Amino acid sequence: MTVTVRAPAKINLHLGVGAPRDDGFHPLVTVYQAVGLCDDVTAAPSPGWTLGVTVPDWMDADDVPVTGDNIVDRAGRLLARRHGIPARAAVSVTKAIPVAGGMAGGSADAAAALVALDRLWHLETPDDDLLALAAELGSDVPFALLGGTALGTGRGELVEPVADPSTWWWVVVPSAQGLSTPAVYRRFDEIHPDAPVEPPDADTTLAALATGDPERLAGALHNDLQEAALDLRPDLADLLEKGRRAGALRGIVSGSGPTCLFLADDADAARNVAGRLSAHHDVVLVANGPVAGAHVVTYA
Ligand code: ATP
(Lines give C-alpha, C1' and ligand atoms only; values in the text may rest on other atoms or scores of the structure.)
Protein backbone atom coordinates (compact mmCIF):
# COMPACT_ATOMS: atom_id res chain seq x y z
CA MET A 1 0.00 0.00 0.00
CA THR A 2 1.20 3.50 -0.83
CA VAL A 3 -0.30 6.71 0.53
CA THR A 4 0.37 10.18 -0.88
CA VAL A 5 -0.68 13.22 1.09
CA ARG A 6 -0.56 16.77 -0.22
CA ALA A 7 -0.09 19.74 2.13
CA PRO A 8 -0.15 23.46 1.33
CA ALA A 9 2.14 26.41 1.97
CA LYS A 10 0.80 29.05 4.33
CA ILE A 11 0.82 32.78 4.06
CA ASN A 12 0.05 35.20 6.89
CA LEU A 13 -2.53 37.83 5.97
CA HIS A 14 -1.96 39.31 9.42
CA LEU A 15 1.06 38.55 11.57
CA GLY A 16 0.94 40.38 14.90
CA VAL A 17 3.93 39.65 17.14
CA GLY A 18 4.22 40.38 20.86
CA ALA A 19 7.15 40.48 23.29
CA PRO A 20 8.85 37.10 23.86
CA ARG A 21 7.20 34.92 26.54
CA ASP A 22 9.08 33.28 29.41
CA ASP A 23 9.51 30.13 27.29
CA GLY A 24 11.24 32.20 24.58
CA PHE A 25 8.41 31.93 22.05
CA HIS A 26 6.77 35.08 20.72
CA PRO A 27 3.01 35.31 21.20
CA LEU A 28 1.26 35.68 17.86
CA VAL A 29 -2.10 36.75 16.55
CA THR A 30 -2.09 35.67 12.95
CA VAL A 31 -4.48 35.01 10.10
CA TYR A 32 -3.19 32.08 8.10
CA GLN A 33 -4.29 31.26 4.58
CA ALA A 34 -3.36 28.00 2.84
CA VAL A 35 -2.40 28.62 -0.79
CA GLY A 36 -2.12 26.27 -3.74
CA LEU A 37 1.60 25.69 -3.60
CA CYS A 38 1.96 22.21 -2.16
CA ASP A 39 4.45 19.52 -1.15
CA ASP A 40 3.56 15.83 -1.51
CA VAL A 41 4.62 13.18 0.99
CA THR A 42 4.39 9.51 -0.04
CA ALA A 43 4.68 6.67 2.46
CA ALA A 44 5.08 2.99 1.58
CA PRO A 45 5.78 -0.16 3.64
CA SER A 46 9.44 -0.86 4.41
CA PRO A 47 11.40 -3.05 6.86
CA GLY A 48 13.13 0.11 8.20
CA TRP A 49 12.92 3.91 7.92
CA THR A 50 14.09 5.71 4.79
CA LEU A 51 13.53 9.25 3.59
CA GLY A 52 14.08 10.69 0.12
CA VAL A 53 13.54 14.26 -1.01
CA THR A 54 12.96 15.48 -4.57
CA VAL A 55 13.15 19.18 -5.37
CA PRO A 56 12.26 21.15 -8.52
CA ASP A 57 15.24 22.39 -10.54
CA TRP A 58 14.94 25.91 -9.13
CA MET A 59 15.58 24.65 -5.58
CA ASP A 60 18.87 23.57 -4.05
CA ALA A 61 18.53 19.97 -2.81
CA ASP A 62 21.30 20.61 -0.25
CA ASP A 63 19.03 23.03 1.62
CA VAL A 64 16.79 20.17 2.75
CA PRO A 65 18.31 17.84 5.39
CA VAL A 66 17.98 14.09 4.69
CA THR A 67 20.08 12.57 7.47
CA GLY A 68 17.55 12.16 10.28
CA ASP A 69 17.13 15.89 10.93
CA ASN A 70 14.29 16.36 8.50
CA ILE A 71 11.06 17.38 10.22
CA VAL A 72 9.46 14.38 8.44
CA ASP A 73 11.82 12.06 10.39
CA ARG A 74 10.70 13.77 13.59
CA ALA A 75 7.03 13.43 12.63
CA GLY A 76 7.47 9.69 11.93
CA ARG A 77 9.32 9.06 15.19
CA LEU A 78 6.78 11.05 17.22
CA LEU A 79 3.72 9.30 15.75
CA ALA A 80 5.29 5.84 16.14
CA ARG A 81 6.37 6.54 19.73
CA ARG A 82 2.91 7.83 20.65
CA HIS A 83 1.40 4.52 19.49
CA GLY A 84 4.25 2.34 20.82
CA ILE A 85 5.13 0.91 17.41
CA PRO A 86 8.39 0.90 15.41
CA ALA A 87 8.74 3.66 12.77
CA ARG A 88 8.96 1.61 9.59
CA ALA A 89 8.24 3.25 6.24
CA ALA A 90 9.84 4.37 3.00
CA VAL A 91 8.92 8.05 2.81
CA SER A 92 9.53 10.42 -0.06
CA VAL A 93 8.91 14.16 -0.12
CA THR A 94 8.33 16.04 -3.35
CA LYS A 95 8.92 19.70 -2.64
CA ALA A 96 7.35 22.70 -4.34
CA ILE A 97 7.21 25.07 -1.35
CA PRO A 98 10.31 27.28 -1.11
CA VAL A 99 12.74 26.13 1.62
CA ALA A 100 13.36 28.56 4.51
CA GLY A 101 11.07 30.94 2.65
CA GLY A 102 8.59 31.92 5.35
CA MET A 103 5.87 29.70 3.83
CA ALA A 104 6.16 26.85 6.37
CA GLY A 105 7.19 24.21 3.85
CA GLY A 106 8.77 22.00 6.52
CA SER A 107 5.60 22.29 8.58
CA ALA A 108 3.52 21.24 5.56
CA ASP A 109 5.73 18.16 5.14
CA ALA A 110 5.35 17.29 8.83
CA ALA A 111 1.56 17.57 8.62
CA ALA A 112 1.48 15.50 5.43
CA ALA A 113 3.73 12.86 7.02
CA LEU A 114 1.46 12.56 10.08
CA VAL A 115 -1.57 11.97 7.87
CA ALA A 116 0.23 9.58 5.47
CA LEU A 117 1.83 7.48 8.21
CA ASP A 118 -1.39 7.39 10.20
CA ARG A 119 -3.02 5.78 7.15
CA LEU A 120 -0.09 3.51 6.31
CA TRP A 121 0.11 2.17 9.88
CA HIS A 122 -3.72 1.93 10.25
CA LEU A 123 -3.62 4.01 13.43
CA GLU A 124 -6.82 6.07 13.06
CA THR A 125 -5.42 8.72 15.41
CA PRO A 126 -8.26 11.05 16.51
CA ASP A 127 -8.09 14.54 14.93
CA ASP A 128 -7.47 16.26 18.27
CA ASP A 129 -4.52 13.95 19.01
CA LEU A 130 -3.10 14.57 15.53
CA LEU A 131 -3.40 18.34 16.13
CA ALA A 132 -1.61 17.96 19.48
CA LEU A 133 1.23 15.97 17.86
CA ALA A 134 1.41 18.61 15.12
CA ALA A 135 1.79 21.36 17.74
CA GLU A 136 4.70 19.42 19.31
CA LEU A 137 6.44 19.37 15.93
CA GLY A 138 6.16 23.11 15.26
CA SER A 139 3.97 26.18 15.63
CA ASP A 140 2.78 26.15 12.00
CA VAL A 141 2.12 22.39 11.74
CA PRO A 142 -1.47 22.38 13.13
CA PHE A 143 -2.49 24.95 10.51
CA ALA A 144 -1.00 22.79 7.74
CA LEU A 145 -3.38 20.02 8.88
CA LEU A 146 -6.36 22.36 8.99
CA GLY A 147 -5.81 24.44 5.83
CA GLY A 148 -8.32 27.00 4.58
CA THR A 149 -8.11 30.30 6.42
CA ALA A 150 -7.67 30.35 10.18
CA LEU A 151 -6.94 32.57 13.13
CA GLY A 152 -3.76 31.47 14.90
CA THR A 153 -2.97 32.38 18.51
CA GLY A 154 -0.58 31.19 21.22
CA ARG A 155 2.70 30.77 19.31
CA GLY A 156 0.56 30.12 16.21
CA GLU A 157 -0.33 26.53 17.13
CA LEU A 158 -3.87 27.27 18.37
CA VAL A 159 -5.93 27.42 15.21
CA GLU A 160 -9.56 28.28 14.65
CA PRO A 161 -11.14 28.24 11.16
CA VAL A 162 -12.27 31.59 9.72
CA ALA A 163 -15.01 31.85 7.06
CA ASP A 164 -13.34 32.92 3.81
CA PRO A 165 -15.63 32.16 0.85
CA SER A 166 -13.64 34.20 -1.74
CA THR A 167 -10.71 33.10 -3.90
CA TRP A 168 -7.69 35.38 -3.57
CA TRP A 169 -4.91 35.49 -6.18
CA TRP A 170 -1.28 35.77 -5.18
CA VAL A 171 2.01 36.10 -7.00
CA VAL A 172 4.78 34.39 -5.06
CA VAL A 173 8.45 35.31 -5.58
CA PRO A 174 10.85 33.00 -3.71
CA SER A 175 14.42 34.00 -3.03
CA ALA A 176 17.47 31.95 -3.98
CA GLN A 177 18.83 32.49 -0.46
CA GLY A 178 16.63 31.53 2.55
CA LEU A 179 16.24 33.50 5.79
CA SER A 180 16.49 31.88 9.23
CA THR A 181 13.22 32.37 11.14
CA PRO A 182 15.04 32.63 14.54
CA ALA A 183 17.37 35.30 13.08
CA VAL A 184 14.37 37.36 11.94
CA TYR A 185 12.77 37.12 15.40
CA ARG A 186 16.08 38.16 17.01
CA ARG A 187 16.17 41.23 14.75
CA PHE A 188 12.51 41.94 15.62
CA ASP A 189 13.47 41.92 19.33
CA GLU A 190 16.33 44.38 18.68
CA ILE A 191 14.09 46.73 16.69
CA HIS A 192 11.16 46.45 19.15
CA PRO A 193 12.57 46.12 22.70
CA ASP A 194 9.21 47.48 23.91
CA ALA A 195 6.92 45.16 21.89
CA PRO A 196 3.49 44.78 23.55
CA VAL A 197 2.75 41.66 25.60
CA GLU A 198 -0.47 41.24 23.58
CA PRO A 199 0.20 41.12 19.83
CA PRO A 200 -1.80 43.51 17.60
CA ASP A 201 -5.22 42.01 16.87
CA ALA A 202 -6.39 40.87 13.43
CA ASP A 203 -9.76 42.65 13.40
CA THR A 204 -9.04 44.84 10.33
CA THR A 205 -7.83 41.87 8.31
CA LEU A 206 -10.77 39.68 9.33
CA ALA A 207 -13.22 42.47 8.39
CA ALA A 208 -11.49 42.93 5.01
CA LEU A 209 -11.65 39.17 4.32
CA ALA A 210 -15.38 39.20 4.91
CA THR A 211 -15.91 41.85 2.20
CA GLY A 212 -14.35 39.66 -0.52
CA ASP A 213 -12.79 42.86 -1.93
CA PRO A 214 -9.10 42.46 -2.90
CA GLU A 215 -8.45 46.21 -2.50
CA ARG A 216 -9.75 46.07 1.05
CA LEU A 217 -7.65 43.01 1.84
CA ALA A 218 -4.59 44.62 0.23
CA GLY A 219 -4.97 47.62 2.56
CA ALA A 220 -5.35 45.36 5.61
CA LEU A 221 -2.36 43.03 5.08
CA HIS A 222 -0.07 43.31 8.10
CA ASN A 223 3.27 41.71 8.96
CA ASP A 224 5.13 42.73 12.12
CA LEU A 225 8.19 40.75 10.95
CA GLN A 226 8.50 42.62 7.67
CA GLU A 227 10.71 45.41 9.03
CA ALA A 228 13.14 42.89 10.53
CA ALA A 229 13.18 40.81 7.33
CA LEU A 230 13.85 43.92 5.21
CA ASP A 231 16.58 44.96 7.59
CA LEU A 232 18.34 41.62 7.04
CA ARG A 233 17.54 41.58 3.31
CA PRO A 234 17.33 45.18 2.00
CA ASP A 235 17.01 43.88 -1.58
CA LEU A 236 13.44 42.76 -0.77
CA ALA A 237 12.26 46.38 -0.49
CA ASP A 238 13.18 46.81 -4.14
CA LEU A 239 11.26 43.66 -5.08
CA LEU A 240 8.15 44.87 -3.21
CA GLU A 241 8.30 48.15 -5.12
CA LYS A 242 8.76 46.33 -8.45
CA GLY A 243 5.66 44.26 -7.75
CA ARG A 244 3.61 47.36 -7.06
CA ARG A 245 4.82 48.92 -10.32
CA ALA A 246 3.96 45.66 -12.10
CA GLY A 247 0.31 46.13 -11.10
CA ALA A 248 -0.05 44.30 -7.78
CA LEU A 249 -2.49 45.78 -5.27
CA ARG A 250 0.08 45.31 -2.52
CA GLY A 251 3.32 43.44 -1.86
CA ILE A 252 4.23 41.95 1.50
CA VAL A 253 6.97 39.75 2.93
CA SER A 254 5.65 36.24 3.65
CA GLY A 255 5.97 35.48 7.38
CA SER A 256 9.65 35.71 8.31
CA GLY A 257 10.59 35.98 4.61
CA PRO A 258 12.35 36.17 2.29
CA THR A 259 9.57 35.04 -0.08
CA CYS A 260 7.52 38.05 -1.21
CA LEU A 261 3.79 37.90 -1.94
CA PHE A 262 1.75 40.15 -4.17
CA LEU A 263 -2.03 40.32 -4.01
CA ALA A 264 -3.72 40.82 -7.39
CA ASP A 265 -7.28 41.70 -8.36
CA ASP A 266 -8.01 38.34 -10.01
CA ALA A 267 -6.39 35.43 -11.87
CA ASP A 268 -5.66 37.45 -15.04
CA ALA A 269 -4.14 40.31 -13.05
CA ALA A 270 -1.96 37.84 -11.13
CA ARG A 271 -0.68 36.32 -14.39
CA ASN A 272 0.10 39.81 -15.70
CA VAL A 273 2.01 40.79 -12.58
CA ALA A 274 3.86 37.45 -12.68
CA GLY A 275 4.74 37.96 -16.34
CA ARG A 276 6.23 41.38 -15.63
CA LEU A 277 8.18 40.21 -12.58
CA SER A 278 9.54 37.27 -14.59
CA ALA A 279 11.67 39.75 -16.53
CA HIS A 280 13.74 40.28 -13.35
CA HIS A 281 13.29 37.04 -11.39
CA ASP A 282 13.89 33.42 -12.41
CA VAL A 283 11.12 31.94 -10.29
CA VAL A 284 7.73 33.66 -10.14
CA LEU A 285 4.69 31.58 -9.18
CA VAL A 286 0.95 32.21 -9.14
CA ALA A 287 -1.15 30.60 -6.40
CA ASN A 288 -4.65 31.04 -5.09
CA GLY A 289 -6.13 30.53 -1.67
CA PRO A 290 -7.67 29.34 0.47
CA VAL A 291 -7.08 25.64 -0.31
CA ALA A 292 -7.44 22.46 1.75
CA GLY A 293 -5.02 21.36 4.47
CA ALA A 294 -3.09 18.05 4.37
CA HIS A 295 -5.23 15.55 2.46
CA VAL A 296 -4.83 12.15 0.85
CA VAL A 297 -4.43 12.33 -2.94
CA THR A 298 -3.39 8.74 -3.68
CA TYR A 299 -4.16 5.61 -1.73
CA ALA A 300 -3.27 2.43 -3.57
P1 ATP B 1 8.89 28.65 9.19
O2 ATP B 1 7.85 27.59 9.47
O3 ATP B 1 9.87 28.80 10.33
O4 ATP B 1 8.36 29.92 8.63
P5 ATP B 1 10.15 28.39 6.69
O6 ATP B 1 8.98 28.25 5.81
O7 ATP B 1 10.85 29.71 6.66
O8 ATP B 1 9.79 27.99 8.14
P9 ATP B 1 11.07 25.74 6.06
O10 ATP B 1 11.04 25.54 4.58
O11 ATP B 1 10.01 25.09 6.87
O12 ATP B 1 11.19 27.29 6.36
O13 ATP B 1 12.52 25.26 6.54
C14 ATP B 1 13.20 25.76 7.68
C15 ATP B 1 14.43 24.87 7.88
O16 ATP B 1 14.00 23.57 8.29
C17 ATP B 1 15.24 24.65 6.63
O18 ATP B 1 16.29 25.56 6.54
C19 ATP B 1 15.75 23.20 6.74
O20 ATP B 1 17.08 23.16 7.22
C21 ATP B 1 14.88 22.57 7.82
N22 ATP B 1 14.02 21.44 7.32
C23 ATP B 1 13.80 20.30 7.96
N24 ATP B 1 12.92 19.54 7.29
C25 ATP B 1 12.56 20.20 6.18
C26 ATP B 1 11.67 19.91 5.11
N27 ATP B 1 10.98 18.78 5.04
N28 ATP B 1 11.54 20.85 4.15
C29 ATP B 1 12.22 22.02 4.22
N30 ATP B 1 13.09 22.32 5.22
C31 ATP B 1 13.26 21.43 6.20
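See the structure printed just above.
The rules behind each value
- Residues numbered from 1 in each chain as written.
- Predicted model: local features only at pLDDT ≥ 70, side-chain atom pairs only at ≥ 80, totals over all residues.
- Heavy atoms only, no water.
- Near = heavy atom within 4 Å.
- Polar contact = N/O pair within 3.5 Å; in protein donor to acceptor, adjacent residues only side chain to side chain.
- Areas by Shrake-Rupley, 256 points an atom, 1.4 Å probe, with all protein chains shown as cover.
- Helix = DSSP H or I, 4+ residues; strand = E, 2+ residues; numbered from the N terminus.
- Buried < 20%, exposed > 50% of the residue type's maximum accessible area, 1.4 Å probe, protein only.
- Contact = heavy atoms within 4.5 Å.

Trainee: Honestly, the site of the ligand in this entry has me stumped. Any pointers?
Mentor: What surrounds the ligand is a group of 19 residues, the closest being Gly102, Ala104, Gly106, Asp109 and Thr181. Here an oxygen atom of the ligand sits 2.8 Å away from a polar atom, N or O, in the main chain of Gly102. Met103 places a main-chain nitrogen or oxygen 3.1 Å from an oxygen atom of the ligand. Computed on the free molecule, the ligand has an accessible area of 610 Å², of which 76% lies beneath the protein chains in the complex.

Trainee: Help me out: how do you make sense of the side chain of Asn12 in this one?
Mentor: Relative to the elements of secondary structure, Asn12 occurs in strand β1 (residues 3-17). A relative accessible area of 5% places Asn12 in the buried class. Polar contacts involving the side chain of Asn12 include one to the side chain of Lys10, which spans 2.6 Å. There is a polar contact of 2.8 Å between the side chain of Asn12 and the side chain of Thr30. Apart from residues no more than four positions distant in its own chain, Asn12 is found in contact with Thr30, Val31, Tyr32 and Gly255.

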